[in-house]
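Take a look at the letters that make up each chain.
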Amino acid sequence: MKKEINQALQVLRDGGLILYPSDTVWGIGCDATNRNAVTKVFELKKRHESKALISLVKDKEQLFTLTKKIPKEVESKKPTTIIYKNVSGLAKNLIANDGTAAIRIVRDNFCNQLIQKFKKPIVSTSANISGEGTPIEFSEISKEIKNNVDYIVNLRINEIMMTPSQILLIDNDGKISIIRE
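Numbers given for residues are sequential positions, taken from 1 along each chain in its written order. Local features are withheld for residues below a pLDDT of 70 in this predicted model, meaning they are given only at 70 or higher, and side-chain atom pairs are given and counted only at 80 or more; totals for whole chains, interfaces and linings count all residues. The side-chain values count all of the structure's non-hydrogen atoms but skip hydrogen atoms and water molecules.

A.B. asks: If you had to explain the side chain of Thr67 to someone new, which residues and values would you point to?
C.D. replies: Counting from the N terminus, the helices are DSSP H or I runs at least four residues long and the strands are E runs at least two residues long. Locating Thr67 in the fold gives a position in the loop between helix 3 (60-66) and strand 4 (80-84). Contacts between residues were defined by any pair of non-hydrogen atoms, one from each residue, lying within 4.5 Å. Leave out the neighbours within four places in its chain, and Thr67 touches Tyr84 and Lys85.

A.B. asks: Break down the sheet that holds strand 6 (residues 122-126) for me, citing the residues and quoting the values.
C.D. replies: In spatial order, the strands read 7-1-2-6-3-5-4-8-9; together these 9 strands make up an open sheet with mixed pairing. Since the sheet does not close on itself, it has two edges, and those belong to strand 7 (151-152) and strand 9 (176-180), each with one partner. Should DSSP find at least two bridges between two strands, the strands are taken to pair. Two strands pair when backbone bridges link them, and strand 1 (residues 18-21) and strand 7 are joined in this way by 2 bridges, in the parallel orientation. Looking at the pairing, Ile18 lines up with Tyr151 of strand 7. Convention adopted: a line fitted to C-alpha atoms gives each axis, helices being fitted over their contacting stretch, and angles between N-to-C directions are expressed from 0 to 180 degrees. Sitting on the sheet, helix 2 (residues 35-45) is in contact with strand 2 (26-29) and strand 6, with an inclination near 10 degrees to strand 6. Along the sheet, helix 4 (residues 109-118) contacts strand 1, strand 3 (54-57) and strand 6; its crossing angle with strand 1, the most-contacted strand, is approximately 135 degrees.

A.B. asks: Outline the environment of Met161, listing residues and values.
C.D. replies: As for its position among the elements, Met161 is in the loop between strand 7 and strand 8 (166-170). With 23 residues separating them in the primary sequence, Met161 and Phe138 have C-alpha atoms 8.6 Å apart. Residues in contact with Met161, not counting those within four places in the same chain, are Pro21, Ser22, Thr24, Val25, Trp26, Pro135, Ile136 and Arg156.

A.B. asks: Can you explain the packing of helix 1 (residues 2-13) against helix 4? Please cite residues and give values.
C.D. replies: For any two helices packed against each other, one specifies the inter-axial angle together with the distance between the axes. Viewed as axis vectors pointing N to C, helix 1 and helix 4 meet at an angle of 50 degrees, and their least axial separation amounts to 10 Å. If you check the angle between helix 1 and helix 4, you find them oblique. Once helix 1 is placed against helix 4, the crossing between them reads as right-handed. Taken together, the residues of helix 4 that come into contact with helix 1 (itself represented by Glu4, Ile5, Ala8, Leu9, Leu12 and Arg13) are Phe110, Gln113, Leu114, Lys117 and Phe118. The classification used treats Ala, Val, Leu, Ile, Met, Phe, Trp, Tyr, Cys and Pro as nonpolar, Asp, Glu, Lys and Arg as charged, and all other residues, Gly among them, as polar. For the contact of helix 1 with helix 4, a count of residues per class yields 7 nonpolar, 1 polar and 3 charged. Oblique is the label for every angle not falling under 35 degrees (roughly parallel), over 145 degrees (roughly antiparallel), or within 65 to 115 degrees (roughly perpendicular). Rotating anticlockwise by less than a right angle from the far helix to the near helix defines a left-handed crossing, while the corresponding clockwise rotation defines a right-handed one.

Note that all results are geometric; they support no functional claim without further evidence.
Here it is as structure tokens:
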């Protein structure tokens, strides 16, 4: 795992894209603070920038640097992405027109170690072209995706991964709404 972390880390530092297993699905990732890297993800997925991408952080402390409100729901055993208002510290093209951004504390060991060493959040979006189905195993990821990332993490290649995160929204009053269970 150390080799995979070091390889992915170098690509992230260079502004490149990685294809990696997360705590939910195979994802395309990059430095969540690098606008140009984020643009590459949108282009690869053929996704309009108005559609949000998720950012992963390693823990509550890192989350607190991006948003000062940390609800108890981040402690959920189920992977939980929360849409926060008034986020700072992410690339501008990760922040929606309404000032929100989707962030999840990742539970996967590889991702957690990678983010810890990188010291910044990373993007996590499903490894598919927009409008196509989410691949549940590595073999289902299109050649177009595989051929256009800078590094493919060689871990969990044979696992079936089909646990999208639940998505919650925090409104201005702190009320939580379920967007996806």
